[in-house]
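# A structural walkthrough
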Amino acid sequence: MRKNAPRVCIIGAGAAGLALAYALSLRGINTLICDAGKAGHGALAASAGMIAPGAEIWEARDSASPLAGAFAALARHSASLWPEWAHRLSAETGMDVAYRACGALIPVRQTGMAEWLSGRDIEAVSLDAGAVRARMPGLALPDGAVFLPGDAQLSAPHLISALMAALAGRGIDMRENARVTALRRQGDIWQVRLATGEIGEADVVVLAAGWAAADLHGAAAGIYPVKGQAVMLDAGAQADWPLLRAGDVYLAPKPGGRLLVGASVEPGRSDAGTEPDMAAALVERASRYLPDIAAMPRLAHWAGIRPALPGLMPRAGLAEPGLVVALGAYRHGVMLAPALADGLAALIDEGRVGALLAPFAPDTVNEGLSSAG
């Protein structure tokens, strides 16, 4: 690693933390990662792995957030980085993250959908019901759909394995089951206290601990958990289907003939328990679009906890000297990972904030809040 590089401690081994550690390692900067549990086994492990800026921009079209336009630009850029990231991880580790530029279908709800998306730099093609069935047999969309060829997906479990292997190969120090209980700045140095009582020091701390980050610093104010449940079904000899994004439910075809159906949206819930009624509700919603789904055997049912901020926009940047945050990616953690990682790595290494990331910088934090705890 590079001589005289800053000592960096990343708190949280989710999509943001792992990707940033990898991006920093490409710059010759070593890191220590501390996670309260098992690396990658939070929201990332529960994720469907969708990289779907077109579908996300469409679903957020009525958002009143002043950051909606900036989010669209960040999402498009990050999605464009994924093919290179997937290739590099595969070449370095020999592990396939199952990246597929499969595209996404959105059921037609109103006229002018394709034109609206095209006006926002999203390639969009209108399909009638027959053309929809040709792409996804059995799909019942009598009014047709808009196809977004630029949307993609990967396998979250495969991504975790590849990132962990890449970081291990680069000598990154990973501390699992290492819960951080307090941060304190002493001059230009940050002290990181673990639940064991151990105290480490870093030049730069990155707070990427998901919804639990609010206990560590005021820069995470307002973050809250949103539980999401999903099920995996056996779809049999499945073809190369696109994603289906129908608003209240999505279908994500996975390798091996599996079909992921998600996801519930349960704000304020941080438990990882699953409820049979919710699984049944998800399958019922999906069956309105793919009737055959009701007969597919269920393989798994799980829950994950998304970290959300008011307005459902991420918060990323410098909170105070030596403290960087990567928070509130909500359901966009995988999609945004490359852009956040590259942007924050440039901030840490060069002190430079890119134009795409600048709108999501945290507000200036009062000095009196920074050393609490």
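Preceding this paragraph is the structure being described.
If you're wondering where the values come from, they're calculated on a predicted model, not measured in any experiment. (Residues numbered from 1 in each chain as written. Predicted model: local features only at pLDDT ≥ 70, side-chain atom pairs only at ≥ 80, totals over all residues. Heavy atoms only, no water.)

Glancing now at the overall build of the chain. A tally of helices and strands in the chain yields ten helices and 20 strands. Its C-alpha atoms give the chain a radius of gyration of 21 Å, near enough to 21 Å, the size a compact globule of 373 residues would have. Dimensions of the chain along its principal axes, counting C-alpha atoms only, are 65 × 40 × 40 Å. Counting over 373 residues, the chain shows a buried share of 51%. By sequence separation, contacts in the chain at least 24 residues apart represent 74% of the contacts at least 6 residues apart. Carbon and sulfur atoms make up 52% of the accessible area of the chain, which totals about 15200 Å². Counting 31 positive and 35 negative side-chain charges, the chain places the centres of these two groups 2 Å from one another. (Helix = DSSP H or I, 4+ residues; strand = E, 2+ residues; numbered from the N terminus. Rg over C-alpha atoms; globule rule 2.2 N^0.38 Å. Buried < 20%, exposed > 50% of the residue type's maximum accessible area, 1.4 Å probe, protein only. Contact = heavy atoms within 4.5 Å. Areas by Shrake-Rupley, 256 points an atom, 1.4 Å probe, with all protein chains shown as cover. Lys, Arg positive; Asp, Glu negative; His and termini not counted. Charge placed at Lys NZ, Arg CZ, Asp CG, Glu CD.)

Let us look at the environment of R352. If you trace the backbone, R352 turns up in the loop between helix 9 (333-350) and helix 10 (367-370). In this structure, R352 is in contact with R27, G343, A346 and L347, ignoring residues within four places of it in sequence. For R352, the side chain forms a polar contact with the side chain of E350, separated by 2.9 Å. (Polar contact = N/O pair within 3.5 Å; in protein donor to acceptor, adjacent residues only side chain to side chain.)

Looking at soluble globular proteins, one finds that nonpolar side chains tend to be buried together. By size, the foremost hydrophobic cluster in this structure holds 56 residues, and its most contacted members are L159 and V206. Secondary structure elements with two or more residues in this core: strand 1 (8-11), helix 1 (15-26), helix 4 (68-93), helix 7 (156-169), strand 12 (204-207), strand 20 (323-327) and helix 9. By residue number, the principal contributor to this core is helix 9, which donates eleven residues. With sequence-adjacent residues up to four places away left out, L159 is seen in contact with L44, W82, L89, V97, L154 and V334. (Core = buried A, V, L, I, M, F, W, Y, C linked by side-chain atoms within 4.5 Å.)

So, on to the sheet that holds strand 9 (residues 180-186). Read from one edge of the open sheet, three strands run 9-10-11, paired in antiparallel fashion. Strands at the two margins of the open sheet, each flanked by one partner only, are strand 9 and strand 11 (199-202). Across the sheet, the mean angle separating the axes of adjacent strands is 25° when strand polarity is ignored. Summarising the sheet, strand 10 (residues 189-194) and strand 11 pair through four bridges and their orientation is antiparallel. For R193, the partnering residue across the bridge sits in strand 11 and is I199. (Pairing = 2+ DSSP bridges. Axes fitted to C-alpha atoms, helices over the stretch in contact; angles between N-to-C directions.)

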